[in-house]
Amino acid sequence: MTETPEPEEEGAQTFADLGIRADVLEAIEEMGWETPTPVQRDSYPLAIAGHDIIVQSRTGTGKTGAFGIPLVDGLLSDDGDEQALVLAPTRELALQSAREIAKLGARRGIDTVAVYGGASLEQQVQALEKGARVISGTPGRVLDHLKRGTMKASRLRVLVLDEADEMLSMGFAKELHAIIELLPKKRQTLLFSATVDRAIKRVAEKHMTDPQFLGLSGDHVGALGIEHFVYMVSGVGRVANLMTVLDTEDPESALIFCNTKAETEQVSAALQRAGFNAEWLNGDRPQREREEVLGRVRREELRFLVATDVASRGIDVSHLTHVINFSLPVNVEQYVHRTGRTGRAGRTGTAITLVDPTELGILYYLRLQYRIFPVERTLPSEGEHRTRQEADRIAMIDAAYPKVPTESELALVRRFMTHVDAERMLAGLLGAFFGAETEDVDKVAASRRRRGKEHVDAHSTANGNGQEPAPEEAPTATLYVNVGRRDELKASELGRLLRDRTGLKRNEIGRIRVRDKHALVDVPEDRAQEVIESMAGAVLKDRELEIELAKSD
Ligand code: AMP
């Protein structure tokens, strides 16, 4: 295997710079691709020059274009005789590639056909007979066609192995070798794989000719455009931890990975109960339901897809902003695959993983082998109040002095703020306000903010200097409100309306959690009924509010 040096930065920067022909350039433009992704830029010259290549790249880097563009641009002869075979681990991926190559090759009259199990053989046979130039399929079905003679190997000049590592890990090694044995020796082979381990190298040694290796540097394999975060959890109450993470991070959408089928259903059910727009996908879901769920994903109607690795393979989730690992996968390669599902082509994505003490070893390998260094975040219920102390304290002062200052007060304030020692004096004033630096002040401030049942420390007392009565840890009630995220509700808007209509003070309103179809807000229990009454008839986001005691969160 020949190591190819990383290209110079000043290399080709546009598709036109690569020397791609005009009709393909037009197709690329029509697809909305403006500049080549690194894997496209680096693969093109080698592929066009006729080399066999091994490209280490993951889904989302534009790898389909990396083989699709050279394929339609020049790898197949103009006389319509030569064909290309693209093998992929799943039918979704096979279909996706077929569609993308069809678009790229539309102006060159290059037909594609997707050939996969579970679909009518008859239709595929007809398309094959018509002489599609690019055949994109799954190994099992392709081998079937080759054996039946409905597909001829003799015209195949280009072989693409897409997500080769996935094909091997899904147990397609036998089919792969059998297919390749049937193909003409004189051909070009392009292999794409997120991970290049010994098994992949064996495939290359056996079936490729002097392959050029395009390795994205170690830092790039998993980290390209993705931010990695981990939350350390105890392992007990993981579903509750996940919900806290979702509330804190508030991702726009996410693919949530579970290690077992049972977990996907449990997690999805718990999320649904809490009002999140979530659905599960695993191998047990009948095909019709699977398609229904995938339809919702495609139409961007589903916010959280909870899935196993196997069930999520090959599906297009490129618009999802987050990948969340409910638990770490058992091997690091799987982590690279999972997190590769976000941060597609130029967009940044976020990967969040819940890690318990038994999983620390995998985290270590992730750092060692893939040089992925996730940033550690702490669940708000444990350590985060420390980082929020300042914000909490400011909120406390804010709540303590709601009165608009008079002109003469303002004049003094302005003069004070421009004083050279303003910071020292203000620090003294703040000290006087909060009393001694104790944890208690922060506890009160934090629980005031949260007022969540689980966070309230009923015995903590304020240590203030008496200017405002110390907040009492009154019991809170949770109210349900019938507007949510899909109405584009912001917590601050609901807070403002509550203050305006009910006279509740800022510090009397607890945490507001905006869920997909509703929101939950904590208020002092003894004011709950009154709040419900004063909110009657209020309109928010063009909707008449329904507000009632929440059943349970
Ligand atoms: P892939 O890695 O092939 O699964 O591609 C991921 C996504 O990126 C697909 O939705 C492609 O349509 C898109 N894409 C591929 N190449 C480019 C490019 N050069 N510019 C913008 N988007 C691209």
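Everything below is about the structure shown above.
Residues numbered from 1 in each chain as written. Predicted model: local features only at pLDDT ≥ 70, side-chain atom pairs only at ≥ 80, totals over all residues. Heavy atoms only, no water.

## Examining empty space enclosed by the protein
Rule in force here: Note on definitions: the grid is 1 Å and covers protein atoms alone; a cavity is a set of points where a 1.4 Å probe fits but cannot get out; a pocket is an open set with protein on both sides within 12 Å along at least five of seven lines; lining residues have an atom within 4 Å of a point. Grid points are joined across faces, edges and corners, and a volume is the space filled by probe spheres set on the points. Under the scheme used here, helices are H or I runs from DSSP no shorter than 4 residues and strands are E runs no shorter than 2 residues, and both carry numbers assigned from the N terminus.
The tally for this structure, following the rule as stated, stands at two cavities of 30 Å³ or more. The volume enclosed by the largest cavity comes to roughly 210 Å³. Surrounding the largest cavity, 22 residues form its lining, Thr-59, Glu-163, Glu-166, His-337 and Arg-341 being those nearest its centre. Looking at the lining of the largest cavity, the elements that each hand over two or more residues are helix H4 (91-105), helix H7 (164-169), helix H14 (309-312) and helix H15 (332-339).

## Digging into the side chain of Ser-43
In plain terms, the rule: The term polar contact refers here to a pair of N or O atoms within 3.5 Å; inside protein, the definition further demands a hydrogen-donor-capable atom paired with an acceptor-capable atom, and it admits residues adjacent in sequence only when both atoms are side-chain atoms. In what follows, a contact means two residues having at least one pair of non-hydrogen atoms within 4.5 Å.
With respect to the element layout, Ser-43 can be found in helix H2 (residues 38-48). Of the polar contacts made by the side chain of Ser-43, one reaches the backbone oxygen of Val-39; its length is 2.6 Å. Setting aside residues no more than four positions away along its own chain, Ser-43 makes contact with Ile-53, Val-55, Ala-66, Phe-192 and Leu-214.

## What to know about helix H22 (residues 528-535)
The test is simple: Whether a residue is buried, partly exposed or exposed follows from its accessible area with a 1.4 Å probe, protein chains only, as a fraction of its type maximum: under 20%, in between, or over 50%, in that order. This arc is built from the directions going out from the helix axis to the C-beta atoms.
Residues of H22 that are buried: Ala-528, Val-531, Ile-532 and Met-535. Buried positions in H22, seen along its axis, are confined to an arc of 100° and lie on one side of it. If you follow the buried residues of H22, they end up packed against strand E16 (476-481), helix H21 (491-502), strand E18 (519-524) and strand E21 (547-549). Gly-537 sits one or two residues past H22 and shows a positive phi near 85°.

## Here we look at the site of the ligand
Applicable threshold: Near residues are defined by distance, with any heavy atom within 4 Å of the molecule or strand qualifying the residue. In these tables, accessible area is a Shrake-Rupley quantity obtained with a 1.4 Å probe, and a residue counts as shielded only by the protein chains included in the view. Note on residue categories: nonpolar means Ala, Val, Leu, Ile, Met, Phe, Trp, Tyr, Cys or Pro, charged means Asp, Glu, Lys or Arg, and polar means any other residue, Gly included.
In the vicinity of the ligand, 14 residues are found, and the nearest of them are Thr-35, Gln-40, Gly-60, Gly-62 and Thr-64. Thr-35 has a polar backbone atom sitting 2.8 Å from a nitrogen atom of the ligand. Take Thr-64: an N or O atom from its side chain is 2.5 Å from an oxygen atom of the ligand. Coverage of the ligand by the protein chains reaches 84% of its 500 Å² of free accessible surface. Considering only residue class, the shell around the ligand consists of three nonpolar, eight polar and three charged.

## Considerations on the sheet that holds strand E14 (residues 349-355)
Operational definition: Strand pairing follows a simple DSSP-based rule, namely that at least 2 bridges must link the two strands. Where helices are involved, their axes are fitted lines through C-alpha atoms of the stretch in contact, as for all axes, and angles between N-to-C directions lie from 0 to 180°.
Strands sit in the order E11-E12-E10-E13-E14-E9-E15 across an open sheet of seven strands; the sheet is parallel. Strand pairing shows two members of the sheet lacking a second neighbour, strand E11 (278-281) and strand E15 (375-377), which therefore form its edges. Across the sheet, the axes of successive neighbouring strands diverge by a mean angle of 25°, strand direction being ignored. Across four bridges, the pairing between strand E10 (residues 254-257) and strand E12 (residues 304-307) is parallel. Pairing of Phe-257 across the sheet is with Ala-307, part of E12. Packed onto the sheet, helix H11 (residues 238-249) meets strand E9 (226-232), E10, E12, strand E13 (322-325), E14 and E15 and runs at close to 150° relative to E14.

## Here's the deal with the side chain of Glu-359
Within the secondary structure, Glu-359 is located in the loop between E14 and helix H16 (360-370). The class for Glu-359 is buried, based on a relative accessible area of 8%. With near-sequence residues (within four places) excluded, Glu-359 lies in contact with Arg-238, Ser-327, Leu-328 and Leu-354.

## What about the packing of H21 against H22?
Helix packing geometry: the angle between the two helix axes and the distance between the axes. Rules: Any angle that is under 35 degrees is reported as roughly parallel, and any over 145 degrees as roughly antiparallel; angles of 65 to 115 degrees are reported as roughly perpendicular and all others as oblique.
Relative to each other, H21 and H22 sit at 95°, their axes nearing to 9 Å. Taken together, H21 and H22 sit at an angle that is classed as roughly perpendicular. For the pair H21 and H22, contact is made by Leu-497, Leu-498, Arg-501 and Thr-502 and by Glu-530, Val-531, Ser-534 and Met-535, respectively.

## Side note on the packing of aromatic side chains
The geometry of an aromatic ring pair is captured by two quantities: the separation of the ring centres and the angle between the planes. This is how the line gets drawn: Stacked, edge-to-face and tilted are the three classes for Phe, Tyr and Trp ring pairs, Trp counted by its six-membered ring, which pair at centre distances within 6.5 Å; planes under 30 degrees apart are stacked, over 60 edge-to-face, the rest tilted. Only when the NZ of Lys or the CZ of Arg is both within 6 Å of the ring centre and within 35 degrees of the ring normal is a charge said to sit over the ring.
For the structure on display, the rule yields three aromatic pairs. The side chain of Arg-238 reaches across the aromatic face of Phe-326, ending 5.7 Å from its centre. The aromatic ring of Trp-280 is capped on one face by Arg-285, whose charged end is 3.9 Å from the ring centroid.

## Notes on the pairing of E16
Summarising burial for E16: five of the six residues are buried, a large majority. Sheet topology places E16 next to E18; six bridges connect them, and they run antiparallel. Within the sheet, the bridge partner assigned to Ala-477 lies in E18 and is Val-523. Bridge analysis of E16 against E21 gives three bridges, and the strand direction is antiparallel. Within E21, the position partnered with Tyr-480 by the bridge is Glu-548.

## Observations concerning the sheet that holds E16
On the basis of which strands lie adjacent, the open sheet formed by four strands has the order E17-E18-E16-E21 and antiparallel pairing. Edge positions in the sheet fall to strand E17 (512-514) and E21, since each of these pairs with one other strand and no more. Within the sheet, the average angular offset between the axes of one strand and its neighbour, ignoring direction, is 25°. Contacts from H21 reach E16, E17 and E18, with the element oriented near 135° to E17. Running at roughly 165° to E21, H22 makes contact with E16, E18 and E21 of the sheet.

## Topic: the pattern of salt bridges
Heads up, the condition is: One side-chain nitrogen of Lys or Arg within 4 Å of one carboxyl oxygen of Asp or Glu is enough to make a salt bridge.
In total, this model carries 29 salt bridges according to the counting rule given. For the salt bridge of Glu-30 with Arg-107, the shortest nitrogen-to-oxygen distance reads 3.0 Å. Remark: Arg-107 occurs in the loop between H4 and strand E4 (112-115) and Glu-30 occurs in helix H1 (residues 22-30); sequence separation between them is 77 residues. On the accessibility criterion, Glu-30 (60% relative accessible area) is exposed. Measuring nitrogen to oxygen at the nearest pair gives 2.9 Å for the salt bridge that ties Arg-290 to Glu-92. Linking Arg-290 in helix H13 (residues 287-298) with Glu-92 in helix H4, this pair joins segments that are 198 residues apart in sequence. In terms of burial, Arg-290 and Glu-92 fall into one category: buried. Look at the salt bridges and you will find they share partners, linking Asp-250, Arg-303, Arg-485 and Asp-516 into a network.

## Notes on a nonpolar patch on the surface
Convention followed: Residues enter patches when they are more than 30% accessible in relative terms and free of salt bridges; like-charged ones are connected within 9 Å and nonpolar ones (Val, Leu, Ile, Met, Phe, Trp, Tyr) within 5 Å.
On the surface, Tyr-364, Tyr-365 and Leu-368 cluster together to form a nonpolar patch covering roughly 350 Å² of accessible area. Tracing the backbone shows Leu-368 in helix H16.

Interpretation note: all reported values are geometric properties and have no functional meaning in isolation.
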